[in-house]
Amino acid sequence: MQVLELIIFAGLAVIVLYQLYSVLGRRVGRQPEDRPAVEAAAGPVRPPERLADPIDDGVELTGLAAIKAKDPSFDMGHFLAGAKGAYEMIVKAFAEGDKATLGNLLAPGVLSSFEAVIDQRAAEGRSETVEFFHPPRADLEKAQVVQGDLAQVTVRFLAEFRSRTKGPEGEGVDDRRTAELWTFERRLKSRDPNWTLVHVDAAEA
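Just so it is clear, the structure is predicted and the values come from calculations on it, not from any experiment.

Caption draft 1: Looking closely at the pairing of strand β4 (residues 170-187). When strand β3 (residues 150-167) meets β4, the two strands line up antiparallel, connected through 18 bridges. Its bridge partner lying in β4, Arg 162 is registered against Asp 175. The sheet contact formed by β4 and strand β5 (residues 196-202) spans six bridges and is antiparallel. Within β5, the position partnered with Trp 182 by the bridge is Val 200.

As structure tokens, then:
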């Protein structure tokens with residue numbers, strides 16, 4: 001009987017020791033080596049999204065686009081029609097020595113040059129009148145904005161007219177065909193809608 005009891009106690013001891021080993025040897029909770037597997041299962045961590053910065057393409061508007069950007073009401077067709085009228089008015093006023101009309105349309109530098117020719121012609125006892133055969137042709141040559149809101153538009157004019165002159169030697173008639181580049185200028189933010197002639201150059205016909 002003692003031998004049988006010893007065998008039974010030994011078996012119980014083995015069972016108890018096995019259960020203790022099973023409990024004490026099991027890892028409880030998350031272990032450091034388990035973290036990568038857990039994080040991988042949850043998916044990669046995405047950094048917080050950043051709002052896109054405003055796009056700056058660095059493009060500077062030029063030409064007519066620059067003028068339209070500062071003055072959306074600008075119309076090229078309307079401008080050229082007005083330029084034709086100004087051209088005829090200035091040419092006729094210059095021929096007739098009408099300084100008052102020229103003073104409203106020309107920049108000081110251009111006006112002084114025109115007045116010098118008018119005064120010289122008057123001193124020589126000469127007079128002149130101009131008659132256009134048909135309206136001049138006006139084409140855009142160049143457009144730009146400088147100094148903030150100062151717009152400059154250069155127009156190529158082709159014109160045919162008859163000049164009648166009188167002088168000490170008598171009268172003369174001269175039919176002319178001219179090609180010129182006229183540059184007009186205006187502050188786009190100004191309430192004055194009129195453009196001023198600031199430069200005149202000869203051009204190829």
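Caption draft 2: Highlighting the pattern of salt bridges. What the rule picks out here adds up to 13 salt bridges. Residue Glu 128 is joined to Arg 121 by a salt bridge in which the shortest nitrogen-to-oxygen separation is 3.1 Å. On the basis of relative accessible area, Arg 121 is assigned to the buried category, the value being 11%. The partner of Asp 139 in a salt bridge is Arg 137, and the shortest N-O contact between them spans 2.7 Å. Judged by relative accessible area, Arg 137 falls into the exposed class, the value being 51%. Among the charged side chains, a salt-bridge network with shared partners connects Arg 121, Glu 128, Asp 174 and Arg 176.

Conventions and cut-offs
- Residues numbered from 1 in each chain as written.
- Predicted model: local features only at pLDDT ≥ 70, side-chain atom pairs only at ≥ 80, totals over all residues.
- Heavy atoms only, no water.
- Pairing = 2+ DSSP bridges.
- Helix = DSSP H or I, 4+ residues; strand = E, 2+ residues; numbered from the N terminus.
- Salt bridge = Lys/Arg side-chain N within 4 Å of Asp/Glu carboxyl O.
- Buried < 20%, exposed > 50% of the residue type's maximum accessible area, 1.4 Å probe, protein only.

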